[in-house]
Amino acid sequence: MSARDAGGRAADGADPAGRVLVVTAVAAERDAVCAASADGAAPAVRTLPGGGELRCVRGGPVALDVLAAGVGPAAAAAGTATALTAAALAGAPYGLVVSAGIGGGFPPGAGPVRPGGAASGVPLGAVVVAEVIVAADLGAETPDGFTPVTELGFGTVAHRPDPALVEAVAAAAGAAVGPVVTVSTVTGSAARAAELAGRHPGVLVEAMEGFGVAEAAAAHGVPVLEIRSVSNAVGPRDRAAWRIGDALAALTGAFRTFPGAVAAAGGPAAEPHRPSRRTS
């Protein structure tokens, strides 16, 4: 029997559109999301197969289950897939998955303008909702530069969330909208930052988990978003300039407006999750 009935509801009668899985890398990000709880109550804890723990935030128009899955796209994909599978087997599937956390912001004007005229880059403390979630280092190095895995004849390099939901969530949070790239190795030089910005017109943020979360969500047929707050500039690693506390506070602020924005938008579109072989 399907976990959903003909009307799209879970077997327990709950509407999947009102159940959201939020996946972060580390506990500090998870706790920042949970701090946005409308009623201020401590979240309930539920243990997943394998030992991962969900923090269950209730009291608003959308129920959030928040998981700190680990750093990097592989850990993010594994944790997301475990949570989605457990929910489906329990007859209570999720209607949306969100990759959330802090990340590095490309300096304003770091790269070429993307189609539509939007420039790259955001300042420290900004919140960004991904227009497209891109695997920036999935491919091969060649004498002519980087080649995405899709140009080698394999796989996917980008996921495109529902544009209407992206705009609704961004407007509520006062967030910027643009490409977010996923990397397995954080950028540590100006040359690497420039190379990424050049390959991804209009890029705003670099992080390490979004593409992994999106791949797992796509495998389960569940829509995806990525929400990031900017803690540092992409490039040379100047720890003295990092603003992690400010970025975590901004993440909490974004999730205070998130449930209302999702509810007002009616949830994601029926088929919004579009894996892509193109990054732009």
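Residues numbered from 1 in each chain as written. Predicted model: local features only at pLDDT ≥ 70, side-chain atom pairs only at ≥ 80, totals over all residues. Heavy atoms only, no water.

A. Molecular detail of the nonpolar core. Val 22, Leu 64, Val 98, Val 169, Ile 227, Phe 255 and Phe 258 are the most contacted members of the largest nonpolar core, which has 33 residues in total. A per-element tally of this core places helix H6 (residues 244–265) first, with nine residues. Residues contacting Phe 255, with those up to four places away along its chain left out, are Val 22, Val 33, Ala 36, Leu 64, Val 98, Ala 100 and Ile 227. Core analysis: the second largest hydrophobic core is formed by 28 residues, Ala 83, Val 122, Val 180 and Ala 214 among them. (Core = buried A, V, L, I, M, F, W, Y, C linked by side-chain atoms within 4.5 Å. Buried < 20%, exposed > 50% of the residue type's maximum accessible area, 1.4 Å probe, protein only. Helix = DSSP H or I, 4+ residues; strand = E, 2+ residues; numbered from the N terminus. Contact = heavy atoms within 4.5 Å.)

B. A look at the packing of helix H3 (residues 163–173) against H6. The N-to-C vectors of H3 and H6 enclose an angle of 140 degrees; their axes lie 8 Å apart at closest approach. With respect to their mutual orientation, H3 and H6 come out oblique. Every pair of crossing elements has a handedness; the one defined by H3 and H6 is right-handed. Here H3 contributes Leu 165, Ala 168, Val 169, Ala 172 and Ala 173 to the contact with H6, which in turn contributes Ala 254, Thr 257, Phe 258, Ala 261, Val 262 and Ala 265. Counted by class, the contact of H3 with H6 contains 10 nonpolar, one polar and no charged residues. (Axes fitted to C-alpha atoms, helices over the stretch in contact; angles between N-to-C directions. Parallel < 35°, antiparallel > 145°, perpendicular 65-115°, else oblique. Left-handed = near helix turned anticlockwise from the far one by under 90°. Nonpolar A, V, L, I, M, F, W, Y, C, P; charged D, E, K, R; others polar.)

C. Quick look at the layout of surface pockets. Its volume calculated, the largest pocket comes out at about 460 Å³. Taken together, 25 residues make up the lining of the largest pocket; nearest its centre are Ile 102, Gly 103, Val 186, Met 208 and Asn 232. Of all the secondary structure elements, the ones that give two or more residues to the lining of the largest pocket are helix H1 (27–34), strand E5 (96–105), strand E11 (205–207), strand E12 (224–233) and H6. Of all the elements, E12 adds the most residues to the lining of the largest pocket, at four residues. Across the lining of the largest pocket, the residue classes tally to 14 nonpolar, six polar and five charged. (1 Å grid on protein atoms, 1.4 Å probe; cavity = no way out; pocket = protein on both sides within 12 Å on 5 of 7 lines; lining within 4 Å. Points joined across faces, edges and corners; volume = space filled by probe spheres on them.)

D. Here's a closer look at the side chain of Thr 187. Take Thr 187: it is sitting in the loop between strand E10 (176–182) and helix H4 (190–199). Owing to a relative accessible area of 3%, Thr 187 belongs among the buried residues under this scheme. With residues near it in sequence (within four places) discarded, Thr 187 still touches Arg 192, Ala 193, Leu 196, Glu 206, Val 234, Gly 235 and Arg 237.

E. H1, seen in detail. Among the residues making up H1, those that are buried are Glu 29, Arg 30, Ala 32, Val 33 and Cys 34. Buried residues along H1 sit in contact with strand E1 (19–24), strand E3 (53–57), strand E4 (63–68), E5, E12 and H6.

F. Main features of the pattern of salt bridges. With the rule as written, the count across this model stands at eight salt bridges. Between Arg 30 and Asp 31 there is a salt bridge, with the nearest N and O atoms lying 3.0 Å from each other. Between Arg 228 and Glu 209 there is a salt bridge, and its shortest N-O distance comes to 3.4 Å. Placement of the pair is Arg 228 in strand E12 and Glu 209 in the loop between E11 and helix H5 (210–219), with a sequence separation of 19 residues. We classify Arg 228 as buried; its relative accessible area is 1%. What emerges from the salt-bridge pattern is a single network uniting Arg 46, Arg 58 and Asp 65. (Salt bridge = Lys/Arg side-chain N within 4 Å of Asp/Glu carboxyl O.)

G. Layout of the side chain of Ser 99. You can see Ser 99 is positioned in strand E5. Accessibility expressed as a relative area gives 1% for Ser 99, which makes it buried. Discounting chain neighbours no more than four positions away, the residues touching Ser 99 are Val 23, Glu 209, Gly 210, Val 213, Leu 225, Glu 226, Ile 227 and Arg 228.

So far we have only geometry, and geometry alone does not tell us how the molecule works.
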